[in-house]
Amino acid sequence: MTEFSQLPRHLAIIMDGNGRWARQRGLPRSAGHKAGVASVRTAVEQCALHGIEVLTLFAFSSENWKRPEKEVGMLMDLFMTALRGEVKRLVRNDVRLRIIGEREAFSGKMQRKIAEAETATAGCTGLILQIAANYGGRWDITQAVGQLARRVEAGELRAADIDETRIASALAFADLPDPDLMIRTGGERRISNFILWQTAYAELYFTDRLWPDFDQPAFMEALRWFDGRQRRFGRTGEQLMGERLGSGDR
Ligand code: IPE
Ligand code: IPE
Ligand code: MG
């Protein structure tokens with residue numbers, strides 16, 4: 001059992017700081033990305049252990065194509081290797097893998113690997129692990145609006161029917177709960193075009209720790225911080241206290 005009185009159902013992480021971690025050690029940036037894989041394993045294990053339902057990791061943003069060609073190539077290779085190497089471990093741990101983002105931009109080979117990894121873990125019923133690859137919050141909203149516009153054009157939907165629920169249902173992971181907690185490592189206090197619409201009420205946790213150093217104690221510290229948040233969703237603290245008292249132990 002877990003020591004927390006509230007845990008996120010959906011945790012999203014901006015895994016930042018690999019490059020700086022490597023630079024601090026006089027190593028090439030690629031060494032930082034490789035070291036970051038161990039932190040991914042830790043995060044997956046910890047989520048499974050605490051019964052968190054969904055973990056979404058920002059692995060490559062829509063804007064990361066702007067990096068030097070060599071680094072982009074290295075990240076693609078690492079992604080491919082991880083897809084190949086980690087699937088067995090995911091199946092063993094009952095983790096279902098999904099990739100979110102504009103996958104058409106990836107090579108045919110990569111797209112096949114992604115599809116294979118998703119199929120191999122499709123029967124798993126534990127943690128859902130979403131890897132955001134070539135993902136951008138603006139891309140997500142834009143593709144959702146495009147889907148709805150096409151349905152209006154086809155006469156299936158009227159413009160007047162488009163409300164928040166319809167937009168939400170066209171987004172990348174409409175079948176899953178919105179992120180409750182978003183963690184960013186690496187010291188920056190920004191979203192960098194990660195999940196936008198669905199984080200409207202997420203708690204935001206920023207830490208200076210670099211992603212390869214984000215170990216189990218660091219993960220626990222973030223969960224403890226989340227546990228201390230009062231999630232008001234626009235209401236007052238007094239209203240929430242009243243509800244708690246009125247509903248007994250629930
Ligand atoms: C995050 O680490 C990983 C990716 C964006 C792929 P960075 O590569 O951004 O590391 P820093 O921010 O340069 O330290
Ligand atoms: C965000 O990190 C993207 C990922 C972690 C994949 P960046 O390092 O790309 O963000 P900026 O450019 O510093 O905002
Ligand atoms: Mg960075």
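Residues numbered from 1 in each chain as written. Chains lettered and ligands numbered in written order. Predicted model: local features only at pLDDT ≥ 70, side-chain atom pairs only at ≥ 80, totals over all residues. Heavy atoms only, no water.

Okay, the UniProt feature "active site" (unreviewed entry) in the chain next. According to UniProt, the "active site" (unreviewed entry) feature falls on Asp16 and Asn64. Separation in sequence by 49 residues is not matched in space for these annotated residues, since their most distant C-alpha atoms are only 12.1 Å apart. Checked against the lining of the largest pocket, the annotated residues reduce to Asp16 and Asn64. Classification of aspartate 16 as buried rests on a relative accessible area of 17%. Not counting residues within four places of it along the chain, the set of residues in contact with aspartate 16 comprises Arg184, Thr185, Gly186, Glu188, Leu210 and Trp211. Of note is the side chain of aspartate 16, whose polar atom sits 3.2 Å from the side chain of arginine 20. For asparagine 64, a relative accessible area of 17% gives the class buried. (UniProt positions renumbered as here; feature names shortened; annotations may be inferred. 1 Å grid on protein atoms, 1.4 Å probe; cavity = no way out; pocket = protein on both sides within 12 Å on 5 of 7 lines; lining within 4 Å. Buried < 20%, exposed > 50% of the residue type's maximum accessible area, 1.4 Å probe, protein only. Contact = heavy atoms within 4.5 Å. Polar contact = N/O pair within 3.5 Å; in protein donor to acceptor, adjacent residues only side chain to side chain.)

Here we come to empty space enclosed by the protein. Over the atoms rolls a probe the size of a water molecule, and its path tells where empty space is left. Enumeration over the complete set of coordinates arrives at 1 cavity of 30 Å³ or more. Approximately 30 Å³ is the volume found for the largest cavity. Ile14, Met182, Ile183, Arg184, Arg190, Ile191, Leu204, Tyr205 and Phe206 are the residues that line the largest cavity. When residues of the lining of the largest cavity are traced back to their parent elements, those giving at least two are strand 5 (181–184) and strand 6 (203–206). (Points joined across faces, edges and corners; volume = space filled by probe spheres on them. Helix = DSSP H or I, 4+ residues; strand = E, 2+ residues; numbered from the N terminus.)

Further remarks concern the site of ligand 2. Taken together, Ile14, Met15, Asp16, Phe58, Ala59, Phe60, Asn64, Arg67, Arg184, Arg190 and Ser192 make up the full set of residues near ligand 2. Interatomic distance of 3.1 Å between a side-chain N/O atom of arginine 67 and an oxygen atom of ligand 2. Within the side chain of serine 192, one N or O atom sits 2.5 Å away from an oxygen atom of ligand 2. Calculation on ligand 2 without its partners gives an accessible area of 390 Å², and the protein chains cover 77% of this total. Cavity membership is defined here by more than half of the atoms lying within 2 Å of grid points; on that basis ligand 2 lies in the largest pocket. Counting residues per element, the shell around ligand 2 draws most heavily on strand 2 (residues 54–61), at 3 residues. (Near = heavy atom within 4 Å. Areas by Shrake-Rupley, 256 points an atom, 1.4 Å probe, with all protein chains shown as cover. Sits in = over half its atoms within 2 Å of the grid points.)

Here the largest pocket is characterised by a volume of approximately 1,100 Å³. Lining the largest pocket are 45 residues, with Met15, Val40, Phe58, Ala59 and Phe60 sitting closest to its centre. For the lining of the largest pocket, the elements supplying multiple residues, two or more each, are helix 1 (18–24), helix 2 (29–50), strand 2, helix 3 (69–92) and strand 4 (128–135). The greatest single-element share of the lining of the largest pocket, amounting to 10 residues, is contributed by helix 3. Partitioning the lining of the largest pocket into residue classes produces 24 nonpolar, 9 polar and 12 charged. Of the pockets and cavities examined, the second largest pocket occupies roughly 290 Å³. Element by element, the count of residues in the lining of the second largest pocket is highest for helix 8 (residues 237–246), at 3 residues. Along the lines of polarity and charge, the residues of the lining of the second largest pocket split into 2 nonpolar, 3 polar and 6 charged. (Nonpolar A, V, L, I, M, F, W, Y, C, P; charged D, E, K, R; others polar.)

What follows deals with the environment of alanine 202. Here alanine 202 is to be found in the loop between strand 5 and strand 6. The buried category is assigned to alanine 202, whose relative accessible area is 13%. Sequence spacing of alanine 202 and glycine 186 is 16 residues, and the spatial spacing of their C-alpha atoms is 19 Å.

Another point: the packing of helix 2 against helix 7 (residues 216–227). The N-to-C vectors of helix 2 and helix 7 enclose an angle of 50°; their axes lie 10 Å apart at closest approach. In terms of orientation, helix 2 lies oblique with respect to helix 7. In the packing of helix 2 onto helix 7, the handedness of the crossing is right-handed. For the pair helix 2 and helix 7, the contacting residues are Thr42, Ala43, Gln46, Cys47 and His50 in the first and Gln216, Phe219, Met220 and Leu223 in the second. Considering only residue class, the contact of helix 2 with helix 7 consists of 5 nonpolar, 4 polar and no charged. (Axes fitted to C-alpha atoms, helices over the stretch in contact; angles between N-to-C directions. Parallel < 35°, antiparallel > 145°, perpendicular 65-115°, else oblique. Left-handed = near helix turned anticlockwise from the far one by under 90°.)

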